Each structure stands twice: as structure tokens, then as C-alpha cells.
Amino acid sequence: MIATLLREEIKNITNIEYQTMSAKVIAVTGASGQLGKLIVKHLAAKASANFKTVALVRNPGKYTAPAGVEVRAFDYNNASTLADGIVGVSVLVLVSSSEIGQRYAQHKAVIDAAKAANVSTILYTSILRAPTSPIALKADHQATEEYLAASGIQSVFLRNGWYVENWSASVGGAIAGGGVLGATKDALVSPATRNDFAEAAANAAIRSANGESLKTAYELGGISFKLSEYAAEVSKHAGKTIPYVDLPEEKYKEALQSFGIPEVVAALLSNADVGASQGGLFVDTTDIADLLGRQPEDWREFVKNAVLDSTKN
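Since we're looking at a predicted model, the values are computed, not measured.

Asker: So what about the overall build of the protein chain? Which residues, and what values?
Answerer: Each helix and strand in the protein chain was counted, giving 13 helices and 9 strands. Computed over the C-alpha atoms, the radius of gyration of the protein chain is 21 Å, within 12% of the 20 Å expected from 2.2 N^0.38 for a compact globule of 313 residues. Judged by the C-alpha coordinates and their principal axes, the protein chain covers about 70 × 35 × 35 Å. Burial statistics for the protein chain: of 313 residues in total, 50% are counted as buried. A sequence separation of at least 24 residues applies to 75% of the contacts in the protein chain between residues at least 6 apart. When the 29 basic and 32 acidic side-chain charges of the protein chain are each reduced to a single mean position, those positions are 2 Å apart.

Here you go:
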């Protein structure tokens, strides 16, 4: 009992010491994941005397941090690591968990720990138009946004669209199979590269740490295109015609499963394509450019490189 009280008192004192430092502490959850790792990379590259970067990872022993970045243990499913991991943190970038079915509970645990630690601002990586999205994946994001808004912590929702990599990663299969498959009904989509979403998040965190005002929500996406245009770009660099083949949702799900994708993931991906056919992955704002301070990367250049890489293998 006494040991526990002493531990909490030491933690409170440490929190006060950190928060009275001139340099604010920016922490990134999921820092060993694909998006989190890039956010930390950009924060490290933009290092200044105004902020300190902390990478929060499940297994610090398996993580190599960029120079100047502190690493702390942080497991969404281990409450004690949550409390210790965010001691002294001013700005927390909450990268949404990848554990479907557990995400909302994990996010709640992080938000509760952040509130107890007096974290001033949380930037949460959400989904485009979370409150109204037609995509099933929005449920955890919407619930997290609502819980965060009710927490009393200053909140910024970084509502990310799809990654360009969600399509370009399978460009080799599209070339080999003779078609780009989907269920979007060739509606416009506005993906951005993972790198652009990461840099936008890093810039937003730095602005917050510097005391600059941010919007409550940013609807983030890159240059828009249709999958028929994407297929034409693949064809251009592959040297042969690769058409876009639009399928019914169930047929697209079956196709994804035939490629070895688990049924639950295939169902979510096919549902996302149907949501895209209803405008769920299209956005027409300058939000990502505003955060980046530049235009987002051109998907065509990214696809070109993906095709060239696939032909080398």
C-alpha cells in the first residue's frame, strides 16, 4: 500500500518536472508500426530545442530509434506501461491500433491514462469523415473520437484517407493477373502516401507543442483518381494493358481470399471499396497540404516506381 502510494507520488512529481520544462514532450504510440515509425522519423528530422520526441513501443528491445529519440515501453493491453509511458508527455499522437475488434477498448485505456497524466493534447489518427463514413471500419474511429471529445483533453482528429500503398503494394499481382480488381464502381478516391500522412501528423504535433492553434478535425487525402485511371497508369509503365475490373462486393471479397487474405480482412477491404463507391474515400480539401506545407506526393510517380520495382523481382 505504502509502496504504491510512493510510486504514484514519484510519478506525479516527475510529471510536474517534465511539464515545467521549456521543451515539450511529444510521444507517438505504435512507434514500431508502419505509420508510427514514419511519424517518429519526421519528428526526429525536425528536431529542435522546443520539443523532445518519445517513441512508445510494445517491445523496446526490438526497436531502433532515430538519434535523439527516447524509447519507452507502451503496450495497449498492459495498463502499467500506459501510465509509465506517458509520464511528462504534453502532446500525444495516438496512432490507431491495428487490432480489429480490440481497438476501441485499447484507445479508451490510452485516453484514460493520458487524462490521469495531464496530457494536454491528443492527436488521433482516424478515418475520413468518421461520423458519417459509409465504411464499416469507421465504427471504432467514431467511438474513439466521441470518447476523446468527452474526455476534456484537447483533441485533434487527423482523419486519414486510404494509403496509396493499399493499391500499389499489389501492383505485381495486378500485372501478373492481367487486371486491377476492385468494387468502387470507379468512383473517385483520394489516397495519400503513408509518408505524407506521417509527416502531416508530425507537423501537427510540433505545431501543437509550439502552442499554435489547430483545427479540431483535418480531412486528409491526396490527389484524387479513379481506379480505371490507376490501371491506365500501371499499364503505361508495365508496357501492356491492365484494365480495371469492377466486381460485386462478394466477388471481390472472394478474389481477395483467393490471394491468401484472411476472410475478416477481405470482408473489411471489400466493404471499404463499396464505401468508396459512395464517396467514402474521396475528399476535396487542402488540409493535407496545409499541414505538410507543400502539395502531397503524386500517386502517379509512386505507381511508376512500384511497377518498376515489381518488374525487378
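Asker: Describe in detail helix 11 (residues 263-277), supporting the description with residues and values.
Answerer: Look at helix 11: 21 Å from first C-alpha to last across 15 residues, which is about the 21 Å you get at 1.5 Å a residue. Looking at helix 11, one finds that the buried residues are Ala 266, Leu 268, Ser 270, Asn 271, Ala 272, Asp 273, Val 274, Gly 275 and Ala 276. The elements touched by buried residues of helix 11 are strand 7 (180-182) and helix 10 (249-258). Remark: Gly 279 follows helix 11 within two positions and exhibits a positive phi of approximately 90°.

Asker: Account for the side chain of Asp 75, naming residues and giving values.
Answerer: Relative to the elements of secondary structure, Asp 75 occurs in the loop between strand 3 (70-73) and helix 3 (79-85). Not counting residues within four places of it along the chain, the set of residues in contact with Asp 75 comprises Arg 58, Thr 81 and Leu 82.

Asker: Give a description of the nonpolar core that names residues and reports values.
Answerer: By size, the foremost hydrophobic cluster in this structure holds 36 residues, and its most contacted members are Ile 26, Ile 39, Leu 43 and Leu 158. Breaking this core down by element, the ones donating at least two residues are strand 1 (24-28), helix 2 (34-45), strand 2 (51-57), strand 4 (91-94), strand 6 (154-160), helix 8 (194-209), strand 8 (217-220) and helix 12 (287-292). Counting residues per element, this core draws most heavily on helix 8, which supplies 9 residues. With near-sequence residues (within four places) excluded, Ile 26 lies in contact with Leu 43, Phe 51, Lys 52, Thr 53, Val 54, Val 91, Val 93, Ala 205, Ile 206 and Ala 209. Membership of the second largest hydrophobic core comes to 27 residues, among which are Ala 174, Val 189, Ile 242 and Trp 299.

Asker: Could you give me a rundown of the packing of aromatic side chains, with the residues and numbers involved?
Answerer: Taken as a whole and judged by the stated rule, the model has 6 aromatic pairs. On the numbers, 4.2 Å between centres and 35° between planes, the contact of Phe 225 with Trp 299 is tilted. Residue Phe 225 is found in the loop between strand 8 and helix 9 (227-238), and its partner Trp 299 is found in helix 13 (residues 299-312); the two are separated by 74 residues along the sequence. Here Phe 225 matches Trp 299 in class, with each residue buried. An aromatic cluster is present here, built from Trp 167, Phe 225, Tyr 230 and Trp 299 joined pairwise through their rings.

How each quantity is defined
- Residues numbered from 1 in each chain as written.
- Predicted model: local features only at pLDDT ≥ 70, side-chain atom pairs only at ≥ 80, totals over all residues.
- Heavy atoms only, no water.
- Helix = DSSP H or I, 4+ residues; strand = E, 2+ residues; numbered from the N terminus.
- Rg over C-alpha atoms; globule rule 2.2 N^0.38 Å.
- Buried < 20%, exposed > 50% of the residue type's maximum accessible area, 1.4 Å probe, protein only.
- Contact = heavy atoms within 4.5 Å.
- Lys, Arg positive; Asp, Glu negative; His and termini not counted.
- Charge placed at Lys NZ, Arg CZ, Asp CG, Glu CD.
- Expected span 1.5 Å × (residues − 1).
- Core = buried A, V, L, I, M, F, W, Y, C linked by side-chain atoms within 4.5 Å.
- Phe/Tyr/Trp six-rings, centres within 6.5 Å; stacked < 30°, edge-to-face > 60°.

Structural measurements only, silent on function.
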